[in-house]
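# Chains, contacts and geometry: an overview
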Amino acid sequence: MAKRPPPPPSSDAVDVVWLKKDVRLHDHAPLSLVASSQRPCLVLYLYEPDQLGEKTVHGSHVAFCNEGLVDLDRRLSGCNDADAGGDICNYQFRCTTVCHAGAAFTLQTLHRQRPIHQILCHMESGHLKSFARDKAVRRWCRANGVPIREFNQTGVTRCLKDRDDFTTNFKRFLDQPVPSTPTNAQLEDMRRRLVDLDAEGIELHGRCRTPLSAHDMPEMPTEHRGDREQRQHGGEGKALGVLKSFLSRRGANYSSGISSPNTSWTTGSRLSPYLTWGHISLRHVILSTKRRQEELREAKKSSSAPSPWLRSLASFQSRMHWRSHFIQKLETQPSLEIQDQCLAFSHLRRQPGDFNEVHFDAWCTGHTGFPFVDACMRCLLKTGWINFRMRAMLVSFATYNLWLDWRRIEPHLARVFLDFEPGIHYPQLQMQAGTTGINAMRVYNVTKQGRDQDPGGVFIRKYVPELANVPTEHIHEPSSMPKSAQRKCNVIVGSGKDKKRTAGLESMFEPIKQSTEETHDAAVHYPGPIVDEKASAKAAKDKLSAVRKQESTKAEAAQVFLTHGSRLNRGADRDGTKPKALSSSVKRVKLDEGQTSLLSSWSSSPQKQPKPASASSPLVAYAQGEADWSCKTCTFINDKPLALACSVCGSIRE
């Protein structure tokens, strides 16, 4: 069949800004160009059925994106922020054209009724379905003679030929001029040039006048359409406020507080969902942090008082680089979503009988009998967020102790992560599962992690209310508690009555009460450990070690390293700060002061700085002259100079 010839050029042809994961006004090249142009324009956002049907999508993602979409439309329309409020699904779009339809189909429908001059959008490194969507749109553009301009917003290089060029390209991306934010006058002019679909009689399939709720999206399974009751809320305004609070106050203890789920709640940047969905740009975060670092260096010249700020912000900047480093892996090899990075491990966890449905359900719902694991999973189910170390621990426990295939657990984790980023998700899952071939096995002792990161059981009691009355000495291993102590706490641990509990999320966090002959009061039930922690970990490590020792595996791993590993050594003393070797026993931010809400932390007074470690400490004194070091595998800058392995990927230090 002959291709339809492109329509003749027209002075009325429209510039289309195609919004994807870039719903913001600042550092937005497509909107900046359209705002300074004189052409008719259209700002288009799509609820794409093929993308919504992806197994990783959750209602919380849709709700978060809707909040960002409404925030942007208000900014484009000049609506005062004071007008915000109420149910956003009742908001009437003023400047954004929103459709519940596929991308290529919508563009074709529009092009037939109003010729498209060009399509402006940002590059996206997503999952395979988004990759297929982008290829389909580019094919449509070529067939119809419509130019499409894709702008970089993550520093990731498309078609990167040499992995060693990543850092150079990333720095070049940061050094590029930042697109100007449209002024009020430009926005007013842009509104006059917006195509009025109703006035011109242009009909687009699935057009939405108001935000579409996840409950109105038949592509999504019913059980995945709900929201998370305590999640962060979306929007560019929220994102900029979170960044401001982090750089002005919360970020001082970033380095010392990010390991614990108690302290990381506020000392962490909490920018990840905004970066993922494009409510704030990576470049804006990095450049804002850089300006803050310069201010701190100037202040340091006139003050001798010790401050953790420079150390913390240097660590944060490293993680921003690390973020794009991992997205580059998926951009380079999209198949990482569905196959092992090192194929020598492909048979592991995929033999008949390997997948235990009962163990999987217990892990997904937070009923494994390991309190710290259960608390972390239940925290995710309620809030959509937890710190990186705890995410890695959850994957380690699932893939080693429960011997579950990372491909079977990844959809659930994607849905519970409000900040699900494919480029981080799939490479990190494989790294923690030990299937990359180039990273050391990283098997977490989950009981020890609980004692180290939540010594007083504050986090456990918050998210596992069944154990609220358990004394601290037993909180991490309640199964070791004598029956007499269980009676005093009104809790039954194990007792041979453990059952697979897959009740709906609405009842998941309610203790299950049952009467027993041993107590007159109602007792709550908590399961015993579903596996032997040490034995299961040893069995898993033995299986992976056997594969790693094979010469064929080593040869394949060498090729993986050439493709994905960075050979650059960027270790250097940063900002004149002297790193200190810290262990889990060294005093950090206090972990037992409870999990403060992020909102309350912003409105409270500045945090008190922890007392610096004693200069007479042998460990600190030994480390005074050491420099931070860069992992040659994942490029992360480690701030523990005496560490023998990378704190992120576990690779042995060279």
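Shown above is the structure to which this text applies.
Presented here is an overview of the structure given in this document. (Residues numbered from 1 in each chain as written. Predicted model: local features only at pLDDT ≥ 70, side-chain atom pairs only at ≥ 80, totals over all residues. Heavy atoms only, no water.)

What the six strands build is an open sheet, ordered β5-β4-β1-β2-β3-β6; its pairing is mixed. Either end of the sheet is taken by a strand with one partner, and the two such strands are β5 (148–151) and β6 (207–208). For strand β4 (residues 116–122) and β5, the ladder comprises four bridges, and the chain directions are parallel. Counterpart to Cys 121 in the pairing with β5 is Glu 150. Lying over the sheet, helix α4 (residues 103–113) contacts β1 (14–19), β2 (41–46) and β4, oriented at roughly 150° with respect to β2. (Pairing = 2+ DSSP bridges. Helix = DSSP H or I, 4+ residues; strand = E, 2+ residues; numbered from the N terminus. Contact = heavy atoms within 4.5 Å. Axes fitted to C-alpha atoms, helices over the stretch in contact; angles between N-to-C directions.)

So, on to the packing of aromatic side chains. Under the defined criterion, the tally for this structure stands at 17 aromatic pairs. Judged by centre distance (5.3 Å) and plane angle (50°), the rings of Phe 355 and Phe 360 are tilted. Phe 360 gets classed as buried once you look at its relative accessible area, which sits at 14%. Ring-pair connections join several aromatic residues into one group, and the members of that group are Phe 166, Phe 170 and Phe 173. Stacked on the ring of Phe 326, the Lys or Arg Lys 329 has its end atom at 5.4 Å from the ring centre. Positioned over the ring face of Phe 355 is Arg 408, at 3.6 Å from the centre of the ring. (Phe/Tyr/Trp six-rings, centres within 6.5 Å; stacked < 30°, edge-to-face > 60°. Buried < 20%, exposed > 50% of the residue type's maximum accessible area, 1.4 Å probe, protein only. Lys NZ or Arg CZ within 6 Å of the ring centre and 35° of its normal.)

What follows concerns the pattern of salt bridges. When the charged atoms of two side chains with opposite charge come close together, those side chains can pair. Tallying each qualifying case throughout the model produces 34 salt bridges. Across the salt bridge formed by Glu 410 and Lys 55, the nearest N and O atoms sit 3.3 Å from each other. A residue pair is termed long-range when its members are at least 10 positions apart, and Glu 410 in helix α18 (residues 406–416) and Lys 55 in the loop between α2 (49–52) and α3 (59–77) qualify at 355 residues. By relative accessible area, Glu 410 is classed as buried at 1%. Here Asp 198 makes a salt bridge to Arg 207, at a shortest N to O gap of 3.0 Å. Among the residues examined, Arg 207 registers a relative accessible area of 29% and is labelled partly exposed. Overlapping salt bridges, with partners in common, bring together Lys 20, Glu 48, Glu 124, Arg 133 and Asp 134 in one network. (Salt bridge = Lys/Arg side-chain N within 4 Å of Asp/Glu carboxyl O.)

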